[in-house]
Amino acid sequence: MSSSIPTITLSNGVQMPAIAIGTAPLSGSTAEAPQSNPNYVGFFPERVTRSVHLALHAGLRHIDTALMYRCHEHVAHVLRQWFMEGKLSREDVFITSKVFHPPAPGFGLDDTTIDISSLSVEEITNTVHAHFEKCLVELGVGYVDSMLLHWPSAGGGAGNATTENDNDSSSGTVMVEIDRGNRAKRLAAWKVLEHYYNMGWARSIGVSNFHEVHIQHLLDDGATIVPQINQLETSVYIQHTKIIQYCQEKGIAVFAFSPFGRGVMDMEKDEILLEVAKKQNVSPGQVALAYLVQHLKCAVSFYSSSKERMEGNILACSVHLDPEDVTKLEMLQRSASWGLPSPYTLT
């Protein structure tokens, strides 16, 4: 692993690099579509080959991907080249992938998603088995370093708001009622990950976009392994105070995605970020990343096609924020996603 990138020790002792290259470049709307195809909305897996290649050159050794992104084979192509030339060995790279993504019209293909709402528990089990093994085949590896359940349920905003004090008070988002059927299906999917973990086909297993009650239900309902990772959309604007506190108490590493809000958060214009950046002689983005790694103790995944930006993000790990900086950045919490649902709206 690159000596300039810190690692996070998972609860089972596995060392996970704290900075990862993401592999989900996408056009979320026609406003982001290429000029040559202005109606396109979806992923750009063809861009991943170059970005992963540049990331390895920059010193990144953690690759964050998913079956849903349709880019496993692109990742495999780059790794195969580096392995063949003796630049890296399999043990030098940490690969995270994800399964159990609900249908997403325009983004996910039928063989990369799971219709959680309509499948039986047995069908969920069989499909997650098939998708896990599909990931290994596409990636061209014998095992992954981490496999996550991508989403706890479909949609977002469905269900009835509860009066229980289970919401994240820092964001004001109230938890919707948990669906019992989804709860059972999450456990079935989790049992599949436990199976492959015990086989050694995944060095660690975890969840993604789960809030604290989703995870607690897994433990209450029969999980034998506590998730080692929970990946969440996390930034200076979305700090998920209650979820992160729960995860830390349970020894679950938090893995932040979209730390810059996919560029739609205007971090480069934020007065507080600019103030701290000027003081530290770094960019606002580096301040935002340093806050996640240093203060919130998160691993972080980002996508970039710029080697210079990747190197700058690695340097952010060396930025030392003082208590005054941290206090200012804590005040930025505003629950402003770039477009994904809050975990609290997932049933």
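Residues numbered from 1 in each chain as written. Predicted model: local features only at pLDDT ≥ 70, side-chain atom pairs only at ≥ 80, totals over all residues. Heavy atoms only, no water.

So, on to the overall build of the chain. Helix and strand counts for the chain stand at 10 helices and 12 strands. If you line up the chain on its principal axes, its C-alpha atoms span 55 × 55 × 45 Å. In the chain, which comprises 347 residues, the share counted as buried stands at 54%. Summing over all exposed atoms, the chain offers an accessible surface of approximately 14,400 Å²; the carbon and sulfur share of this is 50%. Across the chain, 26 positive and 37 negative side-chain charges occur, with their mean positions spaced 4 Å apart. (Helix = DSSP H or I, 4+ residues; strand = E, 2+ residues; numbered from the N terminus. Buried < 20%, exposed > 50% of the residue type's maximum accessible area, 1.4 Å probe, protein only. Areas by Shrake-Rupley, 256 points an atom, 1.4 Å probe, with all protein chains shown as cover. Lys, Arg positive; Asp, Glu negative; His and termini not counted. Charge placed at Lys NZ, Arg CZ, Asp CG, Glu CD.)

How two aromatic rings sit relative to each other is given by the distance of their centres and the angle of their planes. Scanning the model with the defined rule gives five aromatic pairs in all. Taking the centre distance of 4.1 Å and the plane angle of 10 degrees together, the rings of Phe132 and Tyr196 count as stacked. Within this pair, whereas Phe132 is found in helix H3 (residues 121-139), its partner Tyr196 is found in helix H4 (residues 180-199), the two being separated by 64 residues in sequence. With a centroid separation of 5.5 Å and an interplanar angle of 25 degrees, the aromatic rings of Tyr196 and Trp201 are classed as stacked. Look at Trp201 and you get partly exposed, because its relative accessible area is 30%. Every member of this aromatic cluster is reached through a ring pair, and the members are Phe43, Tyr69 and Phe107. (Phe/Tyr/Trp six-rings, centres within 6.5 Å; stacked < 30°, edge-to-face > 60°.)

This next bit is on unusual backbone geometry. Trans is the prevailing form of peptide bonds, just as negative phi is the prevailing case for residues other than glycine. Although it is not a glycine, Phe100 sits at a positive phi angle of roughly 75 degrees. In this fold, Phe100 is placed in the loop between strand S7 (94-99) and H3. Here Phe100 falls in the buried class, since its relative accessible area comes to 0%. One non-glycine residue, Asn209, adopts positive backbone phi at about 65 degrees. Locating Asn209 in the fold gives a position in the loop between strand S9 (205-208) and helix H5 (212-221).

Moving on to the side chain of Glu212. Note that Glu212 resides in helix H5. Buried charge without a salt bridge: Glu212, with Lys242 as the nearest opposite-charge side chain at an N-O distance of 4.2 Å. In terms of polar contacts, Glu212 uses its side chain to reach the side chain of Tyr344, at 2.8 Å. (Salt bridge = Lys/Arg side-chain N within 4 Å of Asp/Glu carboxyl O. Polar contact = N/O pair within 3.5 Å; in protein donor to acceptor, adjacent residues only side chain to side chain.)

Among the residues of helix H10 (residues 323-330), Asp325, Val326 and Leu329 are the ones counted as buried. For H10, the angular spread of the buried residues around the axis is 95 degrees, confining them to a single face. Buried positions along H10 lie against helix H7 (271-280) and helix H8 (284-295). (Arc of directions from axis to C-beta. Contact = heavy atoms within 4.5 Å.)

Quick look at the sheet that holds strand S11 (residues 253-257) now. If you trace the eight strands once around the closed barrel, you get S3-S6-S7-S8-S9-S10-S11-S12, paired in parallel fashion. If you compare each strand with its neighbour and ignore which way they point, the axes differ by 25 degrees on average. By the bridge criterion, four bridges tie S7 to strand S8 (residues 146-149) in an arrangement that is parallel. Counterpart to Thr96 in the pairing with S8 is Ser146. (Pairing = 2+ DSSP bridges. Axes fitted to C-alpha atoms, helices over the stretch in contact; angles between N-to-C directions.)

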